[in-house]
Amino acid sequence: MFKSDMYGTKKNILLVAMLLAGLISYCFKPGASTEDWQLWTYKCLMQSYDASTDSKLKKFEFTVTADAFIRLRKIYPKEKEEFYSFNLHNLKDMDYSGSTAKGILELKTMADDIICQTKNDRKGDVDSMTTVLNIPVKNMEPERLDSLRQAFDYFKAKGL
């Protein structure tokens, strides 16, 4: 009889230990996934973009893809569009100038890796390439800027 009680106690202790281990493992997330970085980068760029610097701008949208592409589309009156796109694997450096209230986020690539396109422009459609993309931003706290750099570094490293 004593043996069966001891067996039951060991069984219960083992069961409780396994249950606790399972619960604890769900409390800790191992690290941000690609989707987490992608969503955070998108939200950061959308919330920080300062559209007030261009009075003619009707609408803008950012796209951040899982394969590390960043795209910025600007729409103006009469359906004129400007489109910028590049892969973060080609990002050489990120600089910021300005204050926490307003500034310019400067994304530099290694070569002419940033695609610049215009559509429905009176002067004609233009396709070109550049090495720098200047993004006007607002409310860019140092912590937010550091976190954005970490996101860019994540995507850049993912491609290696």
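A short tour of the structure in this document, coming up.

Here is what the cut-offs are and how they apply
- Residues numbered from 1 in each chain as written.
- Predicted model: local features only at pLDDT ≥ 70, side-chain atom pairs only at ≥ 80, totals over all residues.
- Heavy atoms only, no water.
- Helix = DSSP H or I, 4+ residues; strand = E, 2+ residues; numbered from the N terminus.
- Buried < 20%, exposed > 50% of the residue type's maximum accessible area, 1.4 Å probe, protein only.
- Contact = heavy atoms within 4.5 Å.
- Areas by Shrake-Rupley, 256 points an atom, 1.4 Å probe, with all protein chains shown as cover.
- Phe/Tyr/Trp six-rings, centres within 6.5 Å; stacked < 30°, edge-to-face > 60°.
- Pairing = 2+ DSSP bridges.
- Salt bridge = Lys/Arg side-chain N within 4 Å of Asp/Glu carboxyl O.
- Expected span 1.5 Å × (residues − 1).
- Arc of directions from axis to C-beta.
- 1 Å grid on protein atoms, 1.4 Å probe; cavity = no way out; pocket = protein on both sides within 12 Å on 5 of 7 lines; lining within 4 Å.
- Points joined across faces, edges and corners; volume = space filled by probe spheres on them.
- Nonpolar A, V, L, I, M, F, W, Y, C, P; charged D, E, K, R; others polar.

Here's the deal with the overall build of the protein
Within the protein, the secondary structure is distributed over three helices and eight strands. In sequence order, the protein lays out its α and β elements as α-α-β-β-β-β-β-β-β-β-α. Per-residue burial for the protein yields a buried fraction of 29% across its 160 residues. Long-range contacts, defined here as pairs at least 24 residues apart, represent 50% of the contacts in the protein between residues at least 6 apart. Counting every atom, the protein has about 10,600 Å² of accessible surface; 58% of that belongs to carbon and sulfur.

Let's talk about the packing of aromatic side chains
Scanning the model with the defined rule gives five aromatic pairs in all. Judged by centre distance (4.4 Å) and plane angle (40°), the rings of Tyr 49 and Phe 60 are tilted. Taken as a pair, Tyr 49 in the loop between α2 (34-48) and β1 (59-64) and Phe 60 in strand β1 lie far apart in primary sequence, eleven residues in all. The two residues Tyr 49 and Phe 60 agree in class, both being buried.

Comments concerning the pairing of strand β6 (residues 114-119)
Only one face of β6 is buried: it carries Ile 114, Cys 116 and Thr 118, and the other face, with Ile 115, Gln 117 and Lys 119, is open. As paired elements, strand β3 (residues 81-87) and β6 share five bridges and run antiparallel to each other. Within the sheet, the bridge partner assigned to Glu 81 lies in β6 and is Lys 119. With five bridges connecting them, β6 and strand β7 (residues 126-130) associate as antiparallel partners. Looking at β7, one finds that Ile 115 is bridged to Met 129.

A word on the pattern of salt bridges
Across all of its chains, the model carries nine salt bridges by this definition. For Asp 50, the salt bridge identified is with Lys 102, shortest N-O distance 3.2 Å. Taken together, the positions of Asp 50 in the loop between α2 and β1 and Lys 102 in strand β5 (residues 102-109) put the pair 52 residues apart, joining distant regions of the chain. The exposure class of Asp 50 is buried, given its relative accessible area of 3%. Measuring nitrogen to oxygen at the nearest pair gives 3.8 Å for the salt bridge that ties Lys 80 to Glu 82.

Points about the side chain of Thr 34
As for its position among the elements, Thr 34 is in helix α2. What Thr 34 contacts, discounting residues up to four positions off in sequence, is Ala 66, Tyr 154, Phe 155 and Lys 158.

Topic: α2
Taking 1.5 Å of rise per residue, 15 residues should cover 21 Å, and α2 covers 21 Å from first to last C-alpha, within 8% of that figure. Of all the residues in α2, the buried ones are Thr 34, Trp 37, Gln 38, Thr 41, Cys 44, Leu 45 and Ser 48. Angular distribution of buried residues about the axis of α2 spans 135°; they occupy a single face of the element. For α2, the elements touching its buried residues are β1, β2 (69-75), β5, β8 (132-138) and α3 (142-158).

Structural notes on the layout of surface pockets
Considering only enclosed or pocket space, the largest pocket measures out at about 320 Å³ in volume. Lys 56, Tyr 76, Pro 77, Lys 78, Lys 80, Asn 120, Asp 121, Arg 122 and Lys 123 together form the lining of the largest pocket. Its residues placed into classes, the lining of the largest pocket shows two nonpolar, one polar and six charged.

Some remarks on the environment of Glu 79
Take Glu 79: it is sitting in the loop between β2 and β3. With a relative accessible area of 42%, Glu 79 lands in the partly exposed category. For the pair Glu 79 and Lys 119, spaced 40 residues apart in sequence, the C-alpha separation works out to 8.2 Å. Leaving out residues up to four positions away in the same chain, Glu 79 has contacts with Lys 58, Lys 119 and Asn 120.

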